[in-house]
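A structural walkthrough
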Amino acid sequence: MKVFILYVLRALLVIIYAPLKLLPSKKNKVVFLSRQTNGAGLDYRLLQDYLKSEKEDIKIVNICRRYERNEKGYSEYVVFVKNIFRSLYHLSTSRVCVIDGYWPAVSMLRHKKTLTVVQLWHAMGKIKESGYKSLNKKSGRNPKIAKAMAMHRNYDVIIAGGKAWNKFYCESFDVSEDVLLNCGLPRIDYLLSTKEENREKILTAYPQLKDKTVLLYAPTFRKGWNADWSSFAEGLDFDKYALIVKNHPNQKLTLTSDCLTCDEFSSDELLSVCDYLITDYSAIAVEGALLDVKTLYYVYDYEKYIENNGLNIDLFEEMPGCVFKTSEDLIKALEEEYPKQALENYKKKFLPENLGTSTETIGNYIIEALGKRK
């Protein structure tokens, strides 16, 4: 039934889009589409600021609204569908479209030759299996649904991280390597340039962090089950450690009274103040490496995650001495000397070259594409 509905939606989009494509494209128009954030996220804002500084007559349109079906229900679904139809006009009249995830109207339809689609994937790497590589897995798509969705089609360029990830980008998006642009996300520039500024802001807001070892716990999303970190929190000495917990946007955690959430600061910003980043299968580990943050991996459900979702890299191999299945071993590691060489090797392997130039590289690509006919 779901497959049938998707094909009906696709047919409806084709019918509506056909006459819209007769409208003239606006030479300097760029449309940004996202279902990851409410309003333009950090990467979008940085890129848009650069475009405005380099091209005064540029026109930018944002259609950005998180799709939280499990929490908001039917009404949220209606808003999402409405935004899909709204995007048709802007796709037909723009020269460049930037997305940070899957967008139905982008992948399902045939576009003008004057439209360039930039996939600014929202993660800094491809630690987890996703897209075409995770078909038929419990956390992945059914192949029939993926086909009906035309999943991840029509991308002219995909913004990728370090070249070590390329194989996994190609497998996830079902593309050849020549589609990838290995420059990393704009947030790289932001994190490098604002580290000290962010640290000062956070310590001013939370002065209690100054006298403790600060831990940032940022787990990934688990489809079908929740992160269970209670044994780690219970075994932690809160007289010595301050624990900041940041939910994945798609999954809320049950917090204890000893934890901080620092809601006014993002996970990326909190990397500037933490002594240790504790994560699992999340790409925030790549951002942690960027800022040389000591990173530990708490993978108590490793076998289950491999079975349900899958990983592209062997964490135990890539970060030796930093990956733990029990809270006891994790807490013990906090008391021992950190294996800095493992982090340094990870950083060299998985981060792109020429750090600090991501926004400029992507922005210049877009500016060039505005005057290009494919």
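Above this text you will find the structure in question.
Let us look at the structure shown here. Residue indices follow the written sequence of each chain, beginning from 1 at its first position. Local features in a predicted model are, by the rule used here, given only for residues with pLDDT of at least 70; side-chain atom pairs are given and counted only at 80 or more, and totals for whole chains, interfaces and linings are based on all residues. Note that the side-chain values use all heavy atoms of the structure and ignore hydrogens as well as water.

Details of the sheet that holds strand β7 (residues 213–217)
If you trace the five strands from one edge of the open sheet to the other, you get β8-β7-β9-β10-β11, paired in parallel fashion. Looking at strand neighbours, the two that pair on one side only are β8 (241–245) and β11 (323–324), the edges of this open sheet. Here a strand pair is declared whenever DSSP counts at least two bridges between the two strands. By definition, any uninterrupted DSSP run of H or I lasting at least four residues is a helix, any uninterrupted run of E lasting at least two residues is a strand, and each is numbered from the N terminus. Pairing between β7 and β8: five bridges, direction parallel. Opposite L215, over in β8, you have L243 as the bridge partner. Contacts are residue-level and defined by heavy atoms, with any inter-residue pair within 4.5 Å sufficient. For helices, the fitted line uses only the C-alpha atoms of the stretch in contact; every axis is such a line through C-alpha atoms, and the angle between N-to-C directions lies from 0 to 180 degrees. Contacts between helix α14 (residues 327–334) and the sheet are confined to β7, β8, β9 (276–279), β10 (294–298) and β11, with β10 contributing the most and set at about 170° to the helix.

Here's the deal with the side chain of H111
The topology assignment puts H111 in the loop between α5 (104–108) and β4 (116–119). Each residue is placed in one exposure class: buried if its accessible area under a 1.4 Å probe, protein chains only, is under 20% of its type's maximum, exposed if it is over 50%, and partly exposed if it falls in between. In this structure H111 comes out as buried when scored by relative accessible area, which is 16%. In terms of polar contacts, H111 uses its side chain to reach the backbone carbonyl oxygen of V106, at 2.8 Å. Setting aside residues up to four positions removed in sequence, H111 forms contacts with Y17, K21, L91, A105, V106 and N154. Here a polar contact is recorded for every N or O atom pair within 3.5 Å, except that within protein the pair must consist of a potential hydrogen donor and a potential acceptor, and residues adjacent in sequence are included only if both atoms are side-chain atoms.

Quick look at the sheet that holds strand β1 (residues 29–34)
In space, the six strands of this open sheet follow the order β2-β1-β3-β4-β5-β6, with parallel pairing throughout. Both edges of this open sheet fall to β2 (59–64) and β6 (180–182), since each of them pairs with a single strand only. Averaged over all neighbouring strand pairs, the angle between strand axes comes to 20°, with direction disregarded. Pairing of strand β3 (residues 96–99) with β4, which is carried by four bridges, proceeds in the parallel orientation. Bridge pairing in β4 places V96 opposite T116. Contacting β1, β2 and β3, helix α2 (residues 42–54) crosses the sheet at an angle of about 175° to β1. This element, helix α7 (residues 166–173), spans β4, β5 (157–160) and β6 of the sheet and lies at about 140° to β5.

So, helix α16 (residues 358–370)
For α16, spanning 13 residues, the distance from its first C-alpha to its last is 19 Å, which sits close to the expected 18 Å at 1.5 Å a residue. Residues of α16 that are buried: S358, T359, I362, G363, I366, A369 and L370. Taken around the axis of α16, the buried residues stretch over an arc of 125°, which confines them to a single face. Of the surrounding secondary structure, the elements contacted by the buried residues of α16 are β1, α2, β3, β4, β5 and α8 (187–205). Expected helix span is computed as 1.5 Å times (number of residues minus one). This arc describes the spread of directions from the helix axis toward the C-beta atoms.

Brief notes about the pairing of β9
Of the two faces of β9, the one carrying Y276 and I278 and the one carrying L277 and T279 are both buried. Inspection of the sheet shows β9 paired to β10 by four bridges, in the parallel sense. The partner of Y276 across the bridge, within β10, is K294. Here, the term right-handed applies to a crossover whose path from the first strand over the helix to the second runs clockwise when the strands point away from the viewer. For the handedness criterion, the β-α-β arrangement of β9, helix α11 (residues 284–290) and β10 is classed as right-handed.

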